[in-house]
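Structural description and commentary
Residues per chain, in single letters:
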Amino acid sequence: MIIALAGNPNSGKTTLFNNLTGGSQYVGNWPGVTVEKKDGKLKGHPDVTIQDLPGIYSLSPYSLEEVVARQYLVNEKPDAIINIIDGTNIERNLYLTTQLLELEIPMILAINMIDLVRKNGDQINVKKLENDLGCKVIEMSALKGENALEVAEAAIQMVQEHTGIPQNPHVFTGSVEHALAHIEESIEPIVGSKGLRWFAVKVFERDERAIREMGLSKEILDHVESHIRDCEKELDDDAESIITSQRYDYIAKVMLECVKKKRARGELSV
Ligand code: GDP
Ligand code: K
Ligand code: MG
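The chain is annotated in an unreviewed UniProt entry as Ferrous iron transport protein B from Catenisphaera adipataccumulans.

1. A short note on the nonpolar core
Judged by nonpolar contacts, the single largest core of 63 residues is most densely connected at L73, L94, L103, L129, I187 and F204. The residues touching L73, leaving out its near neighbours within four places in the chain, are A4, L53, L59, P78, I81, L100, L103 and I105. Listed in part, the 24 residues of the second largest apolar core include L5, A80, M140 and A148.

2. Structural notes on the site of ligand 1
Near ligand 1, the surroundings consist of 15 residues, among which N10, K13, T14, T15 and D115 are the closest. K13 places a main-chain nitrogen or oxygen 2.8 Å from an oxygen atom of ligand 1. L143 has a polar backbone atom sitting 3.3 Å from an oxygen atom of ligand 1. When ligand 1 sits alone it has 580 Å² of accessible area, and the protein chains cover 71% of it. Going through the elements one at a time, α1 (13-21) and α4 (114-120) are the ones with two or more residues in the shell around ligand 1.

3. A closer look at the environment of A154
Tracing the chain through its elements places A154 in helix α6 (residues 148-161). Among the residues examined, A154 registers a relative accessible area of 12% and is labelled buried. Put simply, A154 and I138 are 16 residues apart on the chain and 9.2 Å apart in space, counted from C-alpha to C-alpha. Sequence-distant contacts of A154, that is, excluding residues within four places in its chain, are made with I108, K136 and I138.

4. Notes on a negative patch on the surface
Among the surface-exposed residues, D236, D237, D238 and E240 lie close enough to one another that they form a single negatively charged patch. Looking at where E240 falls in the secondary structure, it is placed in helix α11 (residues 239-258). Since its relative accessible area comes to 30%, E240 is described here as partly exposed.

5. Regarding the pattern of salt bridges
This model, assessed by the stated rule, comprises 18 salt bridges. The salt bridge partner of R206 is E225, with a shortest N-O separation of 2.8 Å. One end of the pair, R206, is in the loop between α8 (196-204) and α9 (208-214); the other, E225, is in helix α10 (residues 218-235), and 19 residues separate them in sequence. A residue is classified by how much of its surface remains accessible, and R206, at 31% relative accessible area, is partly exposed. R206 serves as the salt-bridge partner of E232, at 2.8 Å between the closest nitrogen and oxygen. Of the two residues, E232 is situated in helix α10 and R206 in the loop between α8 and α9; the sequence distance between them amounts to 26 residues. Several salt bridges share partner residues, and in doing so they unite R70, K202, E205 and D207 into one network.

Scoring rules and cut-offs
- Residues numbered from 1 in each chain as written.
- Chains lettered and ligands numbered in written order.
- Predicted model: local features only at pLDDT ≥ 70, side-chain atom pairs only at ≥ 80, totals over all residues.
- Heavy atoms only, no water.
- Core = buried A, V, L, I, M, F, W, Y, C linked by side-chain atoms within 4.5 Å.
- Buried < 20%, exposed > 50% of the residue type's maximum accessible area, 1.4 Å probe, protein only.
- Contact = heavy atoms within 4.5 Å.
- Near = heavy atom within 4 Å.
- Polar contact = N/O pair within 3.5 Å; in protein donor to acceptor, adjacent residues only side chain to side chain.
- Areas by Shrake-Rupley, 256 points an atom, 1.4 Å probe, with all protein chains shown as cover.
- Helix = DSSP H or I, 4+ residues; strand = E, 2+ residues; numbered from the N terminus.
- Patch = residues over 30% accessible without salt bridge, like charges linked within 9 Å, V, L, I, M, F, W, Y side chains within 5 Å.
- Salt bridge = Lys/Arg side-chain N within 4 Å of Asp/Glu carboxyl O.
- Lys, Arg positive; Asp, Glu negative; His and termini not counted.
- Charge placed at Lys NZ, Arg CZ, Asp CG, Glu CD.

What follows is the structure in structure tokens.
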């Protein structure tokens, strides 16, 4: 069984990885690139491999790390993902989360640095967050070892029970969803049903690398292009910005519902 660790840089991935694997780890490079590849066996579970992925802010094609991580997730399809996020910086970290949720791979959201969150006096409504995202959420401190093994064990349980596939992907506004529905219909015979929504969003964004890797025909691309243009005209924005800004709107709404900050950001403690 392979469990992948995905998260932003500085979310605590290395701390969690070391915590879960102890001494046993293998360090190399991803094929063809000099991005570090690291995996190890989960302590006490010789049949479970923890695969560390490069720290990334999104699954876009803008950096080598992002391409490596997304190719691994999309092509190798690990059995489960632990998405580790910095609990003191949830809003920014959830941007990657919204993309990971679309892959339809069993996933746990591990809110790390919970020791600091408590110290700051912030409150996270875990149940509400689970409901909003449609994905299991566990608070954790990788540094203190609090709930680290529990997160891994919850991932194992999901795989064994064939559960944990995110159930509640973010819904974009009407004209975007309309275009996505057309795209999904056109590409499903080629990419299959798993992660279909993620592929459709990539096509909508005109992500050249993703489109090349899917091997879509010119007919399909011409057909979906008309729907993308209609949507851009209606919203008076380019497709990629439409997706990004709607993800941020959605995250802002989730934050309002689920996270109570004791102090506004930037405000000094006395
Ligand atoms: P990575 O970039 O995602 O691999 O993050 P690291 O594992 O290197 O962690 C970044 C920093 O956060 C380091 O200084 C860690 O010691 C610290 N850190 C990681 N997890 C926790 C945690 O649960 N609580 C606290 N307070 N610090 C943490
Ligand atoms: K680091
Ligand atoms: Mg690291």
